[in-house]
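Observations on the three-dimensional arrangement
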Amino acid sequence: MPTPAPTACLALADGTLFYGQGFGATGQTTAELCFNTAMSGYQEIMTDPSYAGQIVTFTFPHVGNVGVNPEDDETQDPVAAGMVVKWMPTQSSNWRAAQELGDWLAARGRIAIGGVDTRRLTRAIRQSGAPHVALAHSPDGNFDIAALVAAARGFPGLTGLDLAKTVTCAQSYRWDEMRWARPEGHQRQTEARHKVVAIDYGAKRNILRCLASAGCEVTVLPASATYDDVMAHDPAGIFLSNGPGDPAATGEYAVPMIRDLLDKTQLPLFGICLGHQMLGLALGARTIKMNHGHHGANHPVKDIETGKVEITSMNHGFAVDSQSLPSGVVETHVSLFDGSNCGIRMADRPVFSVQHHPEASPGPQDSFYLFERFAASMDAA
Ligand SMILES: NC(=O)CC[C@H](N)C(=O)O
């Protein structure tokens, strides 16, 4: 079969070009490029607010074949800037499918490219780090390559970027919905026992469902919430969400607020991903940009205190530097892929956080116990 003429082009800042077939929206976008190795969950991945400013290369070749549905969104709209896949999506075939992936992306202004050698691209990302790229979809096949490469070079990068303010909620709201499936061996709490304030730096819905399922009455506040805003809800515990961008940049306003919570209260506090990184900063640690980060659904993480290994979902490009942890802060979890930090806690208080995603969306449910640990710390307080 003759290869169809390219209608999309991905340009890396070093001038490398990948041609393919465009789907989704037409036009051009710039971003940092990462790869995700999950074999399922493309809709959850594309709608994870932590992917703002990034285009995702899927290493799993068949993407799109179960379509999209109204239930699997982690937030209102796709937040990842675009997607790169090996095979063009075929017509969807799944009882839950309400729309084709391409139509869904087009309606939401997101560009995708299929027919790319994603193995070659992934190797390039592993070798040289997450590149800055420009992605163009032009149905007539006309590309201004020099302008595309210049656009990729002009992308400022994620370091120093506060993207939480672009994806956080505009106003506070109550969250009551529980997760649909109960992880094996865990009790579903039918009663909300603890008032929890969740700060939304780009929160995934399944995290809020997991908090509710662990017995929390959840009030979500915008990223800009002050200490007084939080305390006005008389919380029994505080949750710091995941989110996009550089933790140090978001931390310019979030970290002083978290520090106030640590200094002025003894409340239990739990953080995930960006929330983990900013708790680390508030406790006096440093964060670093990783070469190509961790993005997948099968990452082994060791709980140092129990010796148990959890298989986890991951999505981060920054990490807490474990060398920088001050005394009184204990490293609790570590990645078995590269030894990077995956969890911390205060030695003498119920304040803890993890880098991976215990809400498992998409992915394994091994780490759900952390939500129960948070609820138990409020029971004990
Ligand atoms: N999923 C997240 O919360 C990501 C945190 C941060 N933006 C990072 O890339 O490391």
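From a predicted model like this one, the values you see are computed outputs, not experimental measurements.

For the rest of this paragraph, the subject is the overall build of the protein chain. Helices and strands together make up the secondary structure of the protein chain, namely 10 helices and 17 strands. Here the C-alpha radius of gyration of the protein chain, 21 Å, is about what a compact globule of 381 residues would show, namely 21 Å. Residue burial in the protein chain is summarised as follows: out of 381 residues, 53% are buried. For the protein chain, the share of sequence-separated contacts (at least 6 apart) that also reach a separation of at least 24 residues comes to 77%.

The biggest cluster of nonpolar side chains holds 108 residues, and the ones touching the most others in it are Ile55, Val133, Ala198 and Leu211. Per-domain counts for this core show at least three residues from each of domain 1 (8-154) and domain 2 (164-380). Filtering out sequence-adjacent residues up to four positions away, Ala198 remains in contact with Ala203, Leu208, Leu211, Val218, Val220, Phe239 and Ser241.

A word on the sheet that holds strand E7 (residues 132-137). Working definition: the strands of a sheet are paired by backbone hydrogen bonds and lie parallel or antiparallel to each other. The strand order around the closed barrel built from 7 strands is E1-E2-E6-E5-E4-E3-E7, with neighbouring strands paired in mixed fashion. Strand-to-strand twist of the sheet, defined as the mean angle between neighbouring strand axes without regard to direction, takes the value 35°. Relative to strand E6 (residues 111-114), strand E5 (residues 82-84) runs parallel, the two sharing 3 bridges. Among the inter-strand pairings, Met83 is bridged to a residue of E6, identified as Ala112. Sitting on the sheet, helix H4 (residues 145-154) touches strand E1 (8-12), strand E2 (17-24), strand E3 (27-36) and E7, and the angle it makes with E7 is about 140°.

Here the focus is the packing of helix H8 (residues 247-264) against helix H9 (residues 274-282). Put simply, H8 and H9 touch, their axes get as near as 8 Å, and they point 65° apart. Comparing the axis directions of H8 and H9 gives the class roughly perpendicular. Where H8 crosses over H9, the two elements pack in a sense that is right-handed. Within the contact between the two elements, H8 uses Pro247, Ala248, Thr250, Gly251, Ala254, Val255, Ile258, Arg259 and Leu262 and H9 uses Leu274, Gln277, Met278, Leu279, Leu281 and Ala282.

Let us look at the site of the ligand. The environment of the ligand is made up of Ser50, Asn242, Gly243, Pro244, Gly245, Pro247, Cys273, Leu274, Asn315, His316, Gly317 and Phe318. When its residues are assigned to classes, the shell around the ligand shows 5 nonpolar, 7 polar and no charged.

The UniProt record marks Ser50, Gly243, Gly245, Leu274, Gln277, Asn315, Gly317 and Phe318 with the feature "binding site: L-glutamine" (unreviewed entry), using the residue numbering of this structure. Spatial clustering of the annotated residues is evident: they stretch over 269 residues in sequence, but the largest pairwise C-alpha distance comes to 12.9 Å. Gly245 has contacts with Ala52, Gly53, Leu158, Leu161, Asp162, Leu163, Ala164 and Thr250, leaving out every residue within four places of it along the chain. Looking at the secondary structure, you find Leu274 in helix H9. When neighbours within four sequence positions are excluded, Leu274 is seen to be in contact with Ser50, Tyr201, Gly202, Ser241, Asn242, Gly243, Pro247 and Thr250.

So, on to the domain arrangement of the protein chain. Domain boundaries assigned for the protein chain yield domain 1 (8-154) and domain 2 (164-380). Here domain 1 and domain 2 have C-alpha centroids that lie 28 Å from each other. With 21 residues of domain 1 at the contact, the number on the domain 2 side is 23 residues. Taken together, the elements giving at least two residues each to the side of domain 1 that touches domain 2 come down to E3 and helix H3 (118-128). Among the elements that take part in the side of domain 1 that touches domain 2, E3 stands out by supplying 3 residues, more than any other. The residue inventory of the side of domain 1 that touches domain 2, partitioned by class, reads 9 nonpolar, 8 polar and 4 charged.

Moving on: helix H10 (residues 369-380). Across its 12 residues, H10 extends 16 Å between first and last C-alpha, which sits within 8% of the 16 Å expected from 1.5 Å per residue. Considered for burial, the residues of H10 that qualify are Leu370, Phe371, Phe374, Ala375, Ser377 and Met378. Looking down the long axis of H10, one finds its buried residues gathered within 155° of arc, a one-sided arrangement. In H10, the exposed positions that point more than 90 degrees away from the buried face belong to Asp379 and Ala380. For H10, the elements touching its buried residues are strand E9 (194-200), helix H6 (205-213), strand E10 (216-222), strand E11 (237-240), strand E12 (269-272) and strand E17 (351-354).

What counts and what doesn't
Residues numbered from 1 in each chain as written. Predicted model: local features only at pLDDT ≥ 70, side-chain atom pairs only at ≥ 80, totals over all residues. Helix = DSSP H or I, 4+ residues; strand = E, 2+ residues; numbered from the N terminus. Rg over C-alpha atoms; globule rule 2.2 N^0.38 Å. Buried ≥ 20, exposed ≤ 12 C-beta atoms within 10 Å, placed from the backbone. Contact = placed C-beta atoms within 7 Å. Core = buried A, V, L, I, M, F, W, Y, C linked by C-beta atoms within 7 Å. Domains from an automatic or database assignment. Pairing = 2+ DSSP bridges. Axes fitted to C-alpha atoms, helices over the stretch in contact; angles between N-to-C directions. Parallel < 35°, antiparallel > 145°, perpendicular 65-115°, else oblique. Left-handed = near helix turned anticlockwise from the far one by under 90°. Near = placed C-beta within 6 Å. Nonpolar A, V, L, I, M, F, W, Y, C, P; charged D, E, K, R; others polar. UniProt positions renumbered as here; feature names shortened; annotations may be inferred. Expected span 1.5 Å × (residues − 1). Arc of directions from axis to C-beta.

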